[in-house]
Amino acid sequence: MDASKPTTALFDVYLRLRPSSATDKERFLDVEHSQTDEPTHITIHPPANDHRKRAIERFAFTRVYEEHAGQREIFESTGVLPIVEGVLGGHGREGRDGLVATLGVTGSGKSHTILGSKSQRGITQLTLDVLFQHTSPYLVSAETSPTTFQSLCSADVSEAQLHPASAFLDSVYTPGENGGFSRATTPALVCESTTTRHSTLYNSPGSFPQPGDSTSSSAQQQPVFDRLYPSLAKYQNTPSRQLPTPSKPNILTRSIAKLTSHLAQDTSFLAAPSSKRYMPRVSTLPQIPPTDDISLDIDTSAEYAIVVSMYEVYNDRIYDLLAASSTNGSKTPQKRRALLFKPTEQSPDRKVVAGLRKVICGTLDEALLVLETGLHERRVAGTGSNAASSRSHGFFCLDIKKRRRPATHTAGVSGPWSSSTLTIVDLAGSERARTAKTAGATLAEAGKINESLMYLGQCMQMQSDNARTSLVHGGVEKMVPFRQCKLTELLFSNSFGTSSNQHKAPQKAVMIVTADPLGDFNATSQILRNAAMVSGRSTPVQEELEAALAQLSRVQQELEVTQVLLEEETQRRQEAEASWQRAEDRAEEVEAEIREEMCVEMEGRLVLEQRRWRAARDAEMDAQDEHLDRKLELLTQQMSIFEDETAGQENEDPAEIMTPTKVDKKATAVHEARESAGAVALKYTELEDENAALREKLAGIEREREQLRSPSKKMRVLKPSRRWQGSGGVSLDDV
Ligand SMILES: Nc1ncnc2c1ncn2[C@@H]1O[C@H](COP(=O)(O)OP(=O)(O)OP(=O)(O)O)[C@@H](O)[C@H]1O
């Protein structure tokens, strides 16, 4: 298999159902239970009054957690721990990037899962706890070792500004005359600078104020962090070291704010941070569930540094949540500077959020304080769906820097730093304006949130399709359109291994989809549809769908073949029609030629017949004439004989002459001659009449022939001629 191509889904997708507060609504989601295994399938039923008549849908997930599932169960069994181990890297191996994210409709429990609540820790805090528990013996100290700090700075490829946690917290919470980088004053604090030992660290542009600056140089002041937490080991959970209770309710964190019901409706202070900032007390942060019994496999031959950074994607722009620029001492909040997600000089084949402020944390408490500080900056607002709804996609990043430890503390050289990042993402929830009852800027934010989640859904679908295509058919993968918005760019840009960064290909990510089974059916079903597909798991419904799709594709192929055959047939038919047309034309031509030839032949025969007829007529007339001539000659001879005899008698004996026998004979001969001459004359007259009739007929035939001169006319005339023949006229044959 080609390693440069992802062949399976990028995510393992888990579904977590939240206990619903709504009692008046109908439950639309059912979990399918199995006797042996954990539940993995759910079905959703459209509401009874669904006018769209949608079908019941069935979805599969890596695992489904029902309402009673606790934070620890989610943390332990969703695959977060293997991801953390992967980020740390095994013995002698570099770590690989990991991603844990939540996805769901607004108010479905994403932030609860990732960031916890007032009483319970979320995945982020639990991860930090486990991480520090296991790595603390192997952590380097950036506080005490400028060389280590410098090496960490130069190993970072993201053009980031690195700061030790104490310096960062001091700068954020130490009161400043003109504000500087301090966003809030911490009451009654006296400090002495301990940061002088890192003076060189503060000279870089955009770095925190140097000790001695007006913001932190008061002789009466002690850095807040040092005052509150005199030693890293002691500042944790010391009730006697609690800060004075601030005049405002201590609602400094977003997660705490969300569970503070009496302030739930008034969340405006979260969106526009107050100029006063109080450092949150670690002891007030939730401690449960514990993680002491969780073990992690780590490389004990290495030394580590844990670097925390946080940013949010708000209105499709990236903002640093640890950049202390909200107020800068003035009352009006400063405009925040958006950061770029791009390849850098030191990271040409991999995009990073450039210019982030990163904090090197040596302990869990430092990390928790940094987390709380960042969450304070994150945009939240009260909506109709959630009293403290995230208005941005929050990214909490843990860079695990790792290098080979020197053989002894005193001798040996440390190896170069390698770095891998665990990114924990709390996505903003999709929301419908009608349900969320948002307006103005909050509505516009919702538009951007929904848009980015729509693009995320598209990318997830495409990626899932690709995974299935390459797995099932080995087909060509489609390009996942992850450049459509910042969110998808951040989530997917580095997910696809290239030949140059193959060894650093990210681990399979964990996506926890949260849903309220009594919530908004439309929004939830859409999220489930996107997420279930990305899991790459196949449900029977999906199998049926795939079978149907395969069938469809077969039918389509057959259709294509049929279309090709049809086209060929059509072409053949057209050719045949053209050839038929040509044949018809040719037949017409041949017919015309034959008609012409026939006509010529007919004319010839007609002429011949005419000649024969004339010859016959002439012969008959000659014969008649001859016959008549002979008769006339005979008559003339008889007449002359008669006259000769009469003249002889006049000269002979009258008695002799006047014998009766002789007289009778002569009279009979004369009578016969006269009768014969009358018959010949009658016959002559009849022949004359017949001759005249024949001449008339001949004249008629000649007229007709004249009319038959043109072939086309001839044929038109020929057909009627048959009628003419039938009606008793003269036919050609007659002629
Ligand atoms: N599994 C759960 N158990 C107890 N409470 C929960 C659970 N899930 C959510 N809640 C509560 O429901 C409320 C809303 O949850 P949350 O803020 O986590 O929603 P969300 O999905 O992050 O919403 P948004 O997208 O608007 O930020 C909170 O008060 C939270 O504590």
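Rules and cut-offs
Residues numbered from 1 in each chain as written. Predicted model: local features only at pLDDT ≥ 70, side-chain atom pairs only at ≥ 80, totals over all residues. Heavy atoms only, no water. Helix = DSSP H or I, 4+ residues; strand = E, 2+ residues; numbered from the N terminus. Buried < 20%, exposed > 50% of the residue type's maximum accessible area, 1.4 Å probe, protein only. Contact = heavy atoms within 4.5 Å. Phe/Tyr/Trp six-rings, centres within 6.5 Å; stacked < 30°, edge-to-face > 60°. Pairing = 2+ DSSP bridges. Axes fitted to C-alpha atoms, helices over the stretch in contact; angles between N-to-C directions. Arc of directions from axis to C-beta. pLDDT = per-residue confidence, 0-100.

Helix and strand content of the chain: 18 helices and 18 strands. Burial status across the chain gives 45% buried among its 735 residues. Long-range contacts, defined here as pairs at least 24 residues apart, represent 75% of the contacts in the chain between residues at least 6 apart.

Below, the discussion takes up the packing of aromatic side chains. Tallied over the entire structure, the rule returns four aromatic pairs. Pairing Y14 with Y65 gives two aromatic rings, centres 6.2 Å apart and planes at 40 degrees, and the pair type is tilted. Remark: Y65 occurs in strand β5 (residues 63-65) and Y14 occurs in strand β1 (residues 11-17); sequence separation between them is 51 residues. Look at Y14 and you get buried, because its relative accessible area is 7%. Note on F28 and F521: the rings are 5.3 Å apart at their centroids and 90 degrees apart in plane angle, and the pair reads as edge-to-face. Highlighted residues: F28 in the loop between β1 and β2 (29-32) and F521 in helix α14 (residues 521-534), separated in sequence by 493 residues. Classification of F28 by relative accessible area gives buried; the value is 5%.

Taking strand neighbours across the sheet as the criterion, the three strands line up as β2-β3-β4 in an open arrangement whose pairing is antiparallel. The open sheet has two free edges, formed respectively by β2 and β4 (57-60), since each of these has just one partner strand. Strand-to-strand twist of the sheet, defined as the mean angle between neighbouring strand axes without regard to direction, takes the value 25 degrees. Bridge count for β2 against strand β3 (residues 41-44) is four bridges, and the pairing is antiparallel. Counterpart to L29 in the pairing with β3 is I44.

Residues of helix α5 (residues 146-155) that are buried include every one of T148, F149 and L152, and no others. One side of α5 holds all its buried residues, which, seen down the axis, span an arc of 100 degrees. Counted as exposed and oriented over 90 degrees from the buried face of α5: T147 and S154. Next to the buried residues of α5 lie β7 (161-164), β8 (302-314), β13 (357-361) and β16 (393-404).

Time to look at the confidence of the model for the chain. A low pLDDT means the predicted coordinates there should not be read in detail. Of the residues in the chain, 67% reach a pLDDT of 70 or more, and the chain-wide mean stands at 74. Predicted confidence is poor over residues 177-276, with pLDDT under 50, and the contacts of this stretch with residues over four places away or in other chains come to 228 contacts. pLDDT under 50 marks residues 325-329. Its contacts with residues more than four places away, or in other chains, come to 19 contacts.

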